[in-house]
Every structure is written in structure tokens, then in C-alpha cells.
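A look at the structure
Residue-level listing of the chains:
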Amino acid sequence: MHGLINKSVERFVRDTYGRDVWVGVTRRLDLGFTEFEALLTYDPDITQLVLDEVAQTLAKARSEVLEDIGTYLVSHPSFEALRRLLRFGGVTFVEFLQSLDDLPERTRLALSDFDLPRLELSEHSNDFYTLTVYTGDTELAQFGYVVVGLLRAMADDYGALVLLEHKGVRGGTEIVEIHLLEMAFADGRAFDLGARAR
Amino acid sequence: MSGLPGENHLGPVLDTLCPMHAVLDATGQVIHLGPTLKKLFADRNLNGARFTDLFEIRRPRVGPTMDDLRRIAHGKLHLRLRDAPCTELKGVLVPLPETGDFGVLGGAIVNLSFGISVTDAVRDFSLTSADFAPTDLTVEMLYLIEAKSAVVAASRKLNLQLQGAKIAAEEQAFTDTLTGLKNRRAMDLVLRRLILSGQNFALMNLDLDYFKAVNDNFGHAAGDHVLQHVARVMVEEIRREDTIIRTGGDEFVLVLTQKVDRHAVAEIARRLIERLEQPISFGGHECRISASVGATLSCRYSDPDLSMLHEDADCALYAAKGRGRGCFVLYHAALRSGSGQAGELPERRVDD
């Protein structure tokens, strides 16, 4: 499993619940270290163990934790670079949605060894979309929940008002329903093309 | 900028397809700028401005007339904005027909792009994704530049960590990299373990004599060669269970755990000194060294203490050096009282 995924889980727990909570998780799992390295590769089982332990520690469902991680990744200052990279997808939220098909390919441009599940957007009307997440039986099962959290935060970022629903996992695919209620609901956050993320 | 007849055909089409184009009339005056290119001049009045007033054509070198410009048509142009921030641009010029009804008769279209200066330009002129044609890969390039920077930053952080870990590992390592012998850290570990287990052992300090002369006369490569030779000799002369440590430049410690009575230890010291005094050849030279050895036996102490053992072995070595070169002294209490002369054990000169 790519270290970036484990690192995301770690930073989410540390930044949201504090370092002590995170160190507690690593101790109980007897990992032998307290920090993941984003550019190293880890045994896929570790990610599953960490997620289960985090969910148990926070007394939340695993899907809830995954959704929170998705939201955290876009909205927390320590992952500003990721928010910016996602905003390159389009000028409006709809353009952004339409760019999601390219997301795994875009990710590979940055990190050639990082494989995201294939994403496919279907436009049913101009305010109703479904996003199919092909997780298969890969290590990234339930990645759709992360996508839900991520979309929710990106909608905020663009100032759009959306209703999102994860329709569950079926045969290695996950469906996320996206109801676009208002494109310009709020001002959203600025995206200055020339301002490099630090 | 006044619209000339004919401009109307081209302007709106080109504004979408290549928003960084300029339309020139037959005299080289700029009569239209694409919307993105216009942003480079903010509120400046461009009426009557010639293309070469706004842009310096750096390569290929060319004169300012329209005839000059036509000569560099279709090739790659390197340009620079004449005003600050003097942005570098790439371009290509296509002349328009001088007759007929297409475009500005006798004029030209120049299409520009930022090339490699794009990140600065985007910041300098507050450009957005909408300023680039949908088919233009500039935004993808900006994405890649940011993604690359983020990955390189993470990679640099990892490298720093690994470098720190490497230094720490080297410091903690137990091996002297030049000779392959153990180092001081390993020595303390070995001695502590021996003391804890109550095993008898001899602690032998060995300093090379005349080693500085080898370094001075024949250079450090010769010195390194001699040290490696010394290490080999010692490994050959002691048993596998024993430990040899290089504690400093030409200082060694041997921890002997087999046959540690005074005679056996003296015999090992004698053999070591004898072999080390044999000339060592290096680069056509003969390097000659010797060794002074002092030792103490753990069985002398009812409760062996690490620092006490070191002190006594040092004391014996000091006494050996006091005898001249190539001597061995086994520690005994009289060495410390200063009246050592009388009570000393017999020392041996190897070349007796």
C-alpha cells in the first residue's frame, strides 16, 4: 500500500484528534513506529488494521472515518497542495466533476506508482450525477466513502451546494449519487492559479 | 486600437482558439490583441503601437519593418516584453495575403505563448484557467509543476530523515570501517558482558610505535595500509573467541578470553610484537613499526570495574612505553605506587 494513504490516515488523526490519540493507535497495533513515510510502500494489511483501530478508538463506523478523511484531505491547511491540485480539474464544480474521470491518470502523472481506483461520472441531468468507483477487491475497498468526503469539501471549496449519498458497495463497485442543488450557493474559496501551494 | 475592415472576420474566432494572438496590419501596427495577451498591457493605450514597440524579437535577429517580419514567418520566435516584467515569450508569425478578402491585407497574425516562463507570467498577470484555450496544455503543465514540487518536497524530507538515520546508524555501528575491527562502542559492550558473566579475561592495550613516521614519510595511504596489515596480523594471532578493537588512530585493545594466565598473555604479546616488527612493504617502501603492549587480568579484581580495568591496562601500557619500544608490561599494583621498578614482573624485549 502506498505510504501516502497511510500518511493521510495518520495526519487526519493527528491533526483532528491530537498526537496522543494517534500514538495510542500505533502502540495498540504494536507497529514499532509512530509515523508513516509518504514515499515508502507498506504492507496493505497495515492500512486495514490502522483504519479499524482508528474507528474503534473514535467510536465511529469505519465508513464515517473514511468520509471524514476525505473531507480533511481537502479542507485542512496541511494538505493545501492536494486541494490546489484538485482545483486544477476545472473552473466550476461541474467542470471539476467532469474531470474526475481523469483523476487516477492525473495522480499517476504526479506519482507513477500510485494507483487510484477508476472513476466514472454519469450525467443524468444537469443537476444529478452518479459517480462509479471501481474499487474491485483491491486494497482500496470502501474508497467511495473517502470520495464522498472529498466531494463534499470540494463543493464547499467551489461554493456549490450539493447532496451526496453513498449507495453502498456492490460487486467491487461503489456508487456515489450527487445532487447539485445550487452551483453558486456561497462564495467558495479562492483559487489563484499563480499562487503556488507551500 | 481601431478596428480595420477584415479584422472582424478573424478576431472572435482567434480569441477563442488562441487567446494570446496579435493581429498586425500591413505597416506592422497592432490592430487587435487576444483577450489573454491584452492582460499583459493592463490599461496601457496601445493605439498606433507597432508590434516591435511592444515586443523585442530576440531570436532570430530581425529588423523592424513588415518586410523584415515576413522573412521570419512560420519559424519559432523568441520574444520578450519590452516593459517590465520583461516576460519571455515564444511565438510564431503567419503573414496574411496581400490581395483577396481574407483577413487584414498585407498584415500578419502572431500567436504567442509563455513557454517556460509560464509560472511567473500566471502570477505576474493574475491569469486564471479561463485565460488559456481549452486545448492548451498550460494548465496541465502548471498542475504538473505543482505536483512535482509537492513530491520533491516530500522526497527531500524523506532523504533528510534517511540521511539522519544513516549517520545515527554509523555512529551506533560496532565496526571500524578501515580495519574491519570492532570499535570502542563494541568494546564496552563486550567487556560489560564478560564482567556480568563473571568470566576471566585479559584486557590488552596495544599502541603502535613509529606509526607517525610511516604517515609522515610515506603518506596516509601507507598509514592505512599498515593499519590494515596490523589488523590482519592480530586476527591471525588470537583466537576466534577473542575481540580486537581499534580505539583510535594507532591504538588497539584486545580482549582475550581463552587461556588468560599471565604466561599465556605474555606469550601472545611477544608474538604480536615480533610479527608487527617485520617490515611491511608498501609502494616500493619498507614501513617499519613496532608495538608497545600493556595488559591487566580480570582475575586480579574481586569485583572487576570497567573503568578500573581500563586505567590499569593504560598504566601498564604507559610503563611499557617507558621501557622503550617493543615492550610488554603486565599490570601490578607497584606500577601505581611509583616504586614499580623493584616489584615489576619481568618484561621482555622482543629483540632480546
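Residues numbered from 1 in each chain as written. Chains lettered and ligands numbered in written order. Predicted model: local features only at pLDDT ≥ 70, side-chain atom pairs only at ≥ 80, totals over all residues. Heavy atoms only, no water.

Within an unreviewed UniProt entry, the label attached to chain B reads guanylate cyclase, and the organism entered is Roseovarius litorisediminis.

Looking at an unreviewed UniProt entry, one finds chain A named Heme NO binding protein and attributed to Roseovarius litorisediminis.

Quick word on unusual backbone geometry
All names here are of chain B. Test applied: Helix numbering and strand numbering both begin at the N terminus, where a helix is a DSSP run of H or I of at least 4 residues and a strand a DSSP run of E of at least 2.
The step from Arg-59 to Pro-60 runs through a cis peptide bond, and the omega angle for that step is -10°. The omega torsion of the bond from Ala-84 to Pro-85 falls at 5°, within 30 degrees of zero and hence cis. Mapped onto the fold, Pro-85 is located in the loop between β4 (77-81) and β5 (88-95). A positive phi angle is found at Ser-126, which is not glycine, with a value near 50°. With respect to the secondary-structure elements, Ser-126 resides in the loop between α5 (118-124) and α6 (138-172).

Some points on the sheet that holds strand β2 (residues 128-134) of chain A
Residues and elements named next belong to chain A. What counts is decided by this rule: Pairing between strands is defined by DSSP: at least two bridges between them are needed. Every axis in this analysis is a line fitted to C-alpha atoms, fitted for helices over the stretch in contact. Angles between the N-to-C directions lie between 0 and 180 degrees.
Strand order in the open sheet formed by 4 strands is β1-β2-β4-β3, with antiparallel pairing between adjacent strands. The strands lining the two open edges of the sheet, one partner per strand, are β1 (118-125) and β3 (161-170). Strand-to-strand, the axes of this sheet are offset by a mean angle of 20°, without reference to chain direction. With 8 bridges joining them, β3 and strand β4 (residues 173-182) adopt antiparallel strand pairing. What sits directly across from Leu-163, in β4, is His-179.

Remarks on the sheet that holds strand β3 (residues 55-59) of chain B
All names here are of chain B. In spatial order, the strands read β2-β1-β6-β5-β4-β3; together these 6 strands make up an open sheet with antiparallel pairing. The open sheet is flanked by β2 (30-33) and β3, the only strands paired with a single partner. Strand-to-strand, the axes of this sheet are offset by a mean angle of 35°, without reference to chain direction. In terms of strand pairing, β3 meets β4 through 4 bridges, oriented antiparallel. Along β4, the bridge assignment pairs Arg-59 with His-78.

Quick notes on the interface of chain B and chain A
Put simply, the test is: The contact definition used throughout considers only heavy atoms, calling two residues in contact when any of these lie within 4.5 Å. Two parts placed together each lose some accessible area under a 1.4 Å probe, and the buried area is that loss summed for both. Just to be clear on terms, a salt bridge is a Lys or Arg side-chain nitrogen sitting within 4 Å of an Asp or Glu carboxyl oxygen. For this analysis, a polar contact is any N or O atom pair within 3.5 Å, provided that within protein one partner can donate a hydrogen and the other can accept it, and provided that sequence-adjacent residues contribute only side-chain to side-chain pairs. Residues are sorted three ways: Asp, Glu, Lys and Arg are charged, Ala, Val, Leu, Ile, Met, Phe, Trp, Tyr, Cys and Pro are nonpolar, and all the rest, Gly among them, are polar.
At the interface, 23 residues of chain B touch 18 residues of chain A. Where chain B abuts chain A, roughly 1900 Å² becomes buried across the two surfaces, and 66% of that area is made up of carbon and sulfur atoms. Three residues stand out in chain B for area buried against chain A, namely Tyr-143, Glu-146 and Leu-158 of chain B, and they jointly supply 37% of the buried area on that side. Across the chain B-chain A interface, the total number found is 2 salt bridges. With its nearest N and O atoms 2.6 Å apart, the salt bridge here joins Glu-146 of chain B to Arg-84 of chain A. Applying the counting criterion to the chain B and chain A interface returns 3 residue pairs in polar contact (both at pLDDT 80 or more). Those elements that provide at least two residues to the side of chain B that touches chain A are α5 and α6 of chain B. A class-by-class count of the residues in the side of chain B that touches chain A yields 14 nonpolar, 6 polar and 3 charged.

Details of the packing of helix α2 (residues 19-28) of chain A against helix α3 (residues 44-58) of chain A
Residues and elements named next belong to chain A. Applicable threshold: Orientation is classified from the angle alone, with under 35 degrees giving roughly parallel, over 145 giving roughly antiparallel, 65 to 115 giving roughly perpendicular, and any other angle giving oblique. For any helix crossing, the convention is left-handed if the near helix is rotated counterclockwise from the far helix by under a right angle, and right-handed if that rotation is clockwise.
α3 packs onto α2 with a crossing angle of 125° between their chain directions and a minimal axis gap of 10 Å. In this view, α2 runs oblique relative to α3, as classed from their interaxial angle. Regarding α2 and α3, the two cross each other, and that crossing is right-handed. Residues Val-21, Trp-22, Val-25 and Arg-28 of α2 pack against Val-50, Glu-53, Val-54, Thr-57 and Leu-58 of α3.

Points about the environment of Ile-289 of chain B
When you line up the elements, Ile-289 of chain B lands in the loop between β11 (285-287) and β12 (290-297). With near-sequence residues (within four places) excluded, Ile-289 of chain B lies in contact with Leu-208, Asp-209, Tyr-210, Phe-211, Val-214, Val-226, Val-230, Leu-276, Glu-277 and Ile-280 of chain B.

Side note on the side chain of Arg-87 of chain A
Here Arg-87 of chain A lies in helix α5 (residues 80-87). Setting aside anything within four residues of it in sequence, one finds Arg-87 of chain A in contact with Met-154, Asp-157, Tyr-158, Arg-189 and Phe-191 of chain A.

Re helix α4 (residues 62-75) of chain A
All names here are of chain A. We count it as follows: In this analysis, the expected span of each helix is defined as 1.5 Å times one less than the number of residues it contains. Working definition: with a 1.4 Å probe on protein chains only, accessible area under 20% of the residue-type maximum means buried, over 50% means exposed, and in between means partly exposed.
Helix length check: α4, at 14 residues, gives a terminal C-alpha distance of 20 Å against a target of 20 Å (1.5 Å per residue), a fit within 8%. The set of residues buried in α4 consists of Arg-62, Val-65, Leu-66, Ile-69, Gly-70, Tyr-72, Leu-73 and Val-74. Tucked inside the fold, the buried residues of α4 contact α1 (3-17), α3, α5 and α8 (143-158).

Quick word on the environment of Thr-92 of chain A
All names here are of chain A. In this fold, Thr-92 is placed in the loop between α5 and α6 (93-99). On the basis of relative accessible area, Thr-92 is assigned to the partly exposed category, the value being 28%. For the pair Thr-92 and Tyr-158, spaced 66 residues apart in sequence, the C-alpha to C-alpha distance is 6.7 Å. Beyond its immediate chain neighbours, meaning those up to four positions away, Thr-92 contacts Tyr-158 and Met-183.

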